[in-house]
Amino acid sequence: MFDKVLITGYDPIVRTMRFVLFSLIFIFLPFLPLTAQKALTIQNKKTIRLYDEAKALFAKGELIHSQALLENALEREPRFMEAMLLLGDVFHTQKEYELERTILKRSLQVDSAFYISSYYNIGEAALRLGDFSEALSFLRAFRNKTTDAQSIVRADRLLERVVFTQKAMADPWPIELRNEGEGINSPYDEYWPSLTADEQTLVVTVLVPRSDSLFKAKGGLLPRSPQYFREDFYVSSAVGDSLWKPRQPLPGDINTQNNEGAQTLSADGNWMFFTACGRPDSHGSCDIYFSRRTQQGWSTPVNIGAPVNSPFWESQPCFAADGRTLLFVSNRTNGCGGKDIWQATLQGFKDDGTPYFGNLTNLGEEVNTPKDENSPFLHHDGQTLYFSSDGHVGMGGMDLFVTRKMKGGKWGMPLNMGFPVNSGKDEIGLVVNARGDRAFFSSDGQDRETTGKDIYSFALPDPLQPTPALYVKGKVFDAETGKNLPAGFKLTNVKTGQLVVTAQGQEATGEFLVCLPLDGNFAFQAGYPGYLFYSGNFNLSDTHPLDRPYQLDIGLQPIKSGARTRLENIFFHTDSYQLADESDVELGELVTFLTENPGVKILLEGHTDNVGSESYNLELSANRAKAVYKELIARGVDAGRLDYKGFGFSRPAGSNNTPEGRSRNRRTEVLIH
């Protein structure tokens, strides 16, 4: 985000500190010479008056007028050092780095010892101009001339940045930006994209003028201030692979006359967390709020409260695809310094349905630095984190980085995403699709004739890609009446027993989307009070086509006599009735169901394929059903609520003529008595 941060305080990005002679609007460094402490280098009173007026105009941001007065003063007094240095700051503020470099070199020709920080500022300007050789030369000269320890550290840091930038630009990624088109972008500023896992819904923050007619009358050049602009959310739906329907304001009670921004969507698009500042229920300057999608639009936002929100500054949430992890940025004092990325875990829900979080942790020194980290995005694989930072070595401002989770849960060394993803400007707010091959972000589009930020995307180079993730989507309904049900979902790794994803279906439609990490065997359960749970299994590998997500509509059986479900995650060793360890997840789910429904009695049914004799399979199926029966009793279920029976291959669920059919026939089912 750019000058909008002055409006909302969402993302105050601190530009790399340059050395300035004057304390009018910049921070004054203690070792620099103060104009109040020594006489000016000229004595002409008329010229000094021009200079004093230029200083006052510079302080008010009237740069053009300040520049004209300083140039007039230098025509009168070509050796007026203070005027040259202030003009250098004017040019820097205007991003006229060539002019800045020229005037500062002129000052060194007049008196190279008057203000040695000019060497540093020339080096920085040369870096911005891509003149790496000169940048290195002047920065090294500054480092040799200064005796201030803080200045030496600053010079070393910028020298490191020059070397890195030179290497990055010499070996750029083959990236081509794609403007996301008129459905998303406009003459206004669009930024901070949020994308659902199925890539069908895109929400962006838009800096909209309070008066569209005034915006047009001024040619789009209104000052980006609260007087003229506010931030609102807009949403668009995909049309094909690369087109978007015309965006619309996010429906419901979420947009206000004030500012809302820095949003994150849940993977299914049903939840949103975002940042707002200075509201009556705020815990501090900026807090994180929650809203859910309903039939009427988005619900009235609710402050998610402590411990995420605090008297400090909280912003830029990222709600992970696991349905439990919330990353956010805070400047609270017990971190690594500056703004840090923090993590919280979903603990439950308040009476009004608002999620609340706990288990607050700092991501640690592998990610966070004494400076600022921003815009975390945890990919759907749960292992790859994208974020921006001005504390790790980069090209200037906030650069984008990627890091991957290692064994033990720590994050690896962050990798700068290089050029042209990064530049000397601030890059923040990048998100990556579930497939892991395309990134979306906001850019000012330097090749465009118009001004302002747009949403762009680009193909992500292989070394920067996460592990791809699939998803399953569909809806849940009452198998008898067809009524839509907002079921709850769990995805659990059957080998480790780790809960990987939790999700909730949409309240009115029963629609759901659950992300599926590649490379694992997962139990997939859906449940709703008053119904027999659904058991599914996804045994995934990296060979599954990424363009073929799973579609699954689920009819849940009301809890009553005759209702049945197949236990897809009960596993036995081959030709054995010994339960495999991978059955533990399903057994736990069945125990939970029976505990929550104490009046239910069930029959455990064993079924086989037709390989082998009828008597052999009948005995095998009965022993397998008995093994489940005995394990449930061992886990505390009353034996009087359980029965078991083997059916051999007498009730096939599929053809015994194919491997797939025989696999479906080998099963354990639950029947409610």
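Just above sits the structure.
What counts as what
- Residues numbered from 1 in each chain as written.
- Predicted model: local features only at pLDDT ≥ 70, side-chain atom pairs only at ≥ 80, totals over all residues.
- Heavy atoms only, no water.
- Helix = DSSP H or I, 4+ residues; strand = E, 2+ residues; numbered from the N terminus.
- Buried < 20%, exposed > 50% of the residue type's maximum accessible area, 1.4 Å probe, protein only.
- Contact = heavy atoms within 4.5 Å.
- Areas by Shrake-Rupley, 256 points an atom, 1.4 Å probe, with all protein chains shown as cover.
- Pairing = 2+ DSSP bridges.
- Axes fitted to C-alpha atoms, helices over the stretch in contact; angles between N-to-C directions.
- Core = buried A, V, L, I, M, F, W, Y, C linked by side-chain atoms within 4.5 Å.
- Parallel < 35°, antiparallel > 145°, perpendicular 65-115°, else oblique.
- Left-handed = near helix turned anticlockwise from the far one by under 90°.
- Nonpolar A, V, L, I, M, F, W, Y, C, P; charged D, E, K, R; others polar.
- Salt bridge = Lys/Arg side-chain N within 4 Å of Asp/Glu carboxyl O.
- Disulfide = S-S within 2.5 Å.
- Expected span 1.5 Å × (residues − 1).

Peer 1: Give me the overall build of the chain: which residues, what numbers.
Peer 2: Across its full length, the chain carries 12 helices and 35 strands. When its C-alpha atoms are laid out on the principal axes, the chain stretches across 115 × 50 × 45 Å. Within the span of the chain, comprising 673 residues, buried residues form 54% of the whole. Looking at the chain alone, contacts between residues at least 24 apart form 59% of all its contacts between residues at least 6 apart. Here the chain has roughly 29700 Å² of accessible surface; of this, 50% comes from carbon and sulfur atoms.

Peer 1: Give me the sheet that holds strand E24 (residues 488-493): which residues, what numbers.
Peer 2: Taken together, the 4 strands give an open sheet; going across it, the order is E25-E24-E27-E29, and neighbouring strands pair in antiparallel fashion. The sheet is open, and its two edges are formed by strand E25 (499-504) and strand E29 (534-540), each paired on a single side. Each adjacent strand pair in this sheet contributes to an overall mean axis angle of 15°, direction not counted. In this sheet, strand E27 (residues 520-527) lies alongside E24 in antiparallel orientation, the contact comprising 6 bridges. From the neighbouring strand, Lys490 faces E27, where its bridge partner is Gln525. Here helix H10 (residues 584-596) sits on the sheet and contacts E24, E27 and E29; the angle it forms with E27, its principal contact strand, is near 10°.

Peer 1: If you had to explain the sheet that holds strand E33 (residues 602-607) to someone new, which residues and values would you point to?
Peer 2: Taken together, 4 strands build an open sheet; the order of strands is E32-E35-E33-E34 and the sheet is mixed. The sheet is open, and its two borders are formed by strand E32 (564-567) and strand E34 (642-646), each paired with just one other strand. For this sheet the average axis-to-axis angle between neighbouring strands, irrespective of direction, equals 25°. Here H10 sits on the sheet in contact with E32, E33, E34 and strand E35 (667-672), set at roughly 155° to E33. Of the strands in this sheet, E33, E34 and E35 touch helix H11 (residues 614-634), which is tilted by about 160° from E34.

Peer 1: Residue-level account of the nonpolar core, with values.
Peer 2: If you look at the biggest cluster of nonpolar residues, it comprises 51 residues, and the most contacted ones within it are Leu385, Tyr386, Met417, Leu430, Phe458 and Leu460. No other element matches the 5 residues that strand E3 (residues 201-209) contributes to this core.

Peer 1: Outline the packing of helix H4 (residues 81-93) against helix H5 (residues 97-110), listing residues and values.
Peer 2: At a minimum axis separation of 8 Å, H4 and H5 run at an interaxial angle of 165°. With respect to H5, the axis of H4 lies roughly antiparallel. At the point where H4 passes H5, the crossing takes the left-handed sense. Residues Met81, Met84, Leu85, Leu87, Gly88, Phe91 and His92 of H4 touch H5, and the partners they reach there are Tyr97, Leu99, Glu100, Ile103, Leu104, Arg106, Ser107 and Val110. Each residue belonging to the contact of H4 with H5 can be placed in one class, and the counts come to 10 nonpolar, 3 polar and 2 charged.

Peer 1: Break down the pattern of salt bridges for me, citing the residues and quoting the values.
Peer 2: Tallied over the full model, the rule gives 26 salt bridges. A network of salt bridges, in which partner residues are shared, links Glu98, Arg101, Lys105, Asp131 and Glu134.

Peer 1: Report on the state of the cysteines, specifying residues and quantitative values.
Peer 2: This structure, assessed with the given rule, holds 1 disulfide. Of all cysteine sulfurs in the structure, the one in Cys318 sits closest to Cys336, which takes part in no disulfide; the separation is 19 Å. Of the residues examined, Cys336 reaches a relative accessible area of 24% and is grouped as partly exposed.

Peer 1: Please give an account of the pairing of E35 that cites residues and values.
Peer 2: For E35, a buried count of 6 out of 6 residues is recorded, marking the element as mostly surrounded by other parts of the structure. Where burial is concerned, the two faces of E35 agree: the one with Arg667, Glu669 and Leu671 and the one with Thr668, Val670 and Ile672 are both buried. Summarising the sheet, E32 and E35 pair through 4 bridges and their orientation is antiparallel. Each residue of the ladder has a partner; that of Arg566, found in E35, is Glu669. For E33 and E35, the ladder comprises 6 bridges, and the chain directions are antiparallel. Looking across to E35, one finds that Glu605 is bridged to Glu669.

Peer 1: Tell me about helix H7 (residues 132-145), and please be specific about residues and values.
Peer 2: Here H7 contains 14 residues, and its C-alpha end-to-end distance of 20 Å stays within 8% of the 20 Å for a straight helix at 1.5 Å per residue. On its buried side, H7 packs onto H5, helix H6 (117-128) and helix H8 (149-170).

Peer 1: Please provide a residue-by-residue account of the environment of Cys336, values included.
Peer 2: Turning to its location among the elements, Cys336 is positioned in the loop between strand E13 (325-330) and strand E14 (340-349). Spatially, the C-alpha atoms of Cys336 and Pro370 are 5.4 Å apart, while their sequence positions differ by 34 residues. Apart from the residues lying within four places of it in its own chain, the contact partners of Cys336 are Asn362, Gly364, Glu365, Asn368, Thr369 and Pro370.

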